[in-house]
Amino acid sequence: MAPLIVNEIISPDTNLLIAFLIGIGFGFVLEGSGFSSSCKLAGMFYGYDTTVLKVFFTAAITAMVGMLFFSLFGWMDLDFVYINPTYVTSAIVGGVVMGVGFIMGGFCPGTAFCAISIGKLDALAFIGGLTLGIVFFTEGYPLFEEMYKANFIGTPTMNELLDIPRGVFALGLILMAFAMFWVGEWAEKKFPREEY
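Residues numbered from 1 in each chain as written. Predicted model: local features only at pLDDT ≥ 70, side-chain atom pairs only at ≥ 80, totals over all residues. Heavy atoms only, no water.

### Section: the overall build of the protein chain
Stated precisely, the cut-off is as follows: For the purposes of this entry, the term helix denotes a DSSP run of H or I that reaches at least four residues, the term strand denotes a run of E that reaches at least two, and both are numbered from the N terminus. Working definition: with a 1.4 Å probe on protein chains only, accessible area under 20% of the residue-type maximum means buried, over 50% means exposed, and in between means partly exposed. Any two residues having at least one pair of non-hydrogen atoms within 4.5 Å are treated as being in contact. In these tables, accessible area is a Shrake-Rupley quantity obtained with a 1.4 Å probe, and a residue counts as shielded only by the protein chains included in the view.
Each helix and strand in the protein chain was counted, giving 10 helices and zero strands. Sequence-ordered secondary structure for the protein chain, helices as α and strands as β, is α-α-α-α-α-α-α-α-α-α. Projected onto the principal axes, the alpha-carbon positions of the protein chain cover approximately 50 × 45 × 40 Å. For the protein chain, the residues scored as buried account for 22% of the 196 residues in total. Contacts in the protein chain between residues at least 24 apart in sequence constitute 60% of all its contacts with a sequence separation of at least 6. Of the roughly 13,400 Å² of accessible surface on the protein chain, 72% is carried by carbon and sulfur atoms.

And the structure:
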């Protein structure tokens, strides 16, 4: 949406409306895919349901390939795409905290809000814990600031870190996705579970 606002094609209010409608659509698709079920999400970690892996890997590959083609056709300048600054230590610690919370609660933040919208009480408990975690981090930030800002490496992309062209990295990631889909299918057969 941002280029539409910057170029004054739409107003900020229209942008918020479009974002709201996209959010509703995203939630609808999440619910329709079963992502409001903590059993489906936890199934990823236990190997009996790899739908999460397949959906999110497919979304990432689709977005990546789409952006590469948009760049190729001159419709998008990838140099203007915002990349979050990378702080290695906080990324690792945050990933571990997020992963543990995901496994314990059976939700990630997005799927928790999807689940609460259909009245799931376990999602309400998860969001309560998520909120407490946010308050704890925010109020305790002075204690965490040094760790949070440790090992800053700028805003590199994976292909820059690996020193390979974007297209080669994209091909490698697509091949890795196919390999992970195969592993996911194998895991579902190896660790079957009754319908939940």
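### Describing the nonpolar core
For clarity, the cut-off: Among the buried residues, those of types Ala, Val, Leu, Ile, Met, Phe, Trp, Tyr and Cys that are joined through side-chain atoms within 4.5 Å form a nonpolar core.
Ranked by size, the top nonpolar core spans 13 residues in total, and within it Phe-35, Leu-41, Phe-107 and Ala-112 carry the most contacts. Listed by contribution, the elements that provide at least two residues to this core are helix H6 (109-117) and helix H7 (121-139). Excluding anything up to four places from it in sequence, Ala-112 contacts Phe-107, Ala-123, Phe-126 and Ile-127. Among the nonpolar cores identified, the runner-up in size contains seven residues, and Phe-57, Ile-61, Leu-173 and Ala-177 belong to it.

### What about the pattern of salt bridges?
The condition that has to hold: Any Lys or Arg side-chain nitrogen located within 4 Å of an Asp or Glu carboxyl oxygen qualifies as a salt bridge.
Across all of its chains, the model carries five salt bridges by this definition. In this structure, Arg-166 engages Asp-79 in a salt bridge whose closest nitrogen and oxygen atoms are separated by 3.9 Å. Residue Arg-166 is found in helix H10 (residues 166-190), and its partner Asp-79 is found in the loop between helix H4 (51-72) and helix H5 (88-105); the two are separated by 87 residues along the sequence. Its relative accessible area of 34% is what places Arg-166 among the partly exposed residues. Ionic pairing is found between Lys-149 and Glu-145, a salt bridge with its closest N-O pair at 3.1 Å. For Lys-149, a relative accessible area of 43% corresponds to the partly exposed category.

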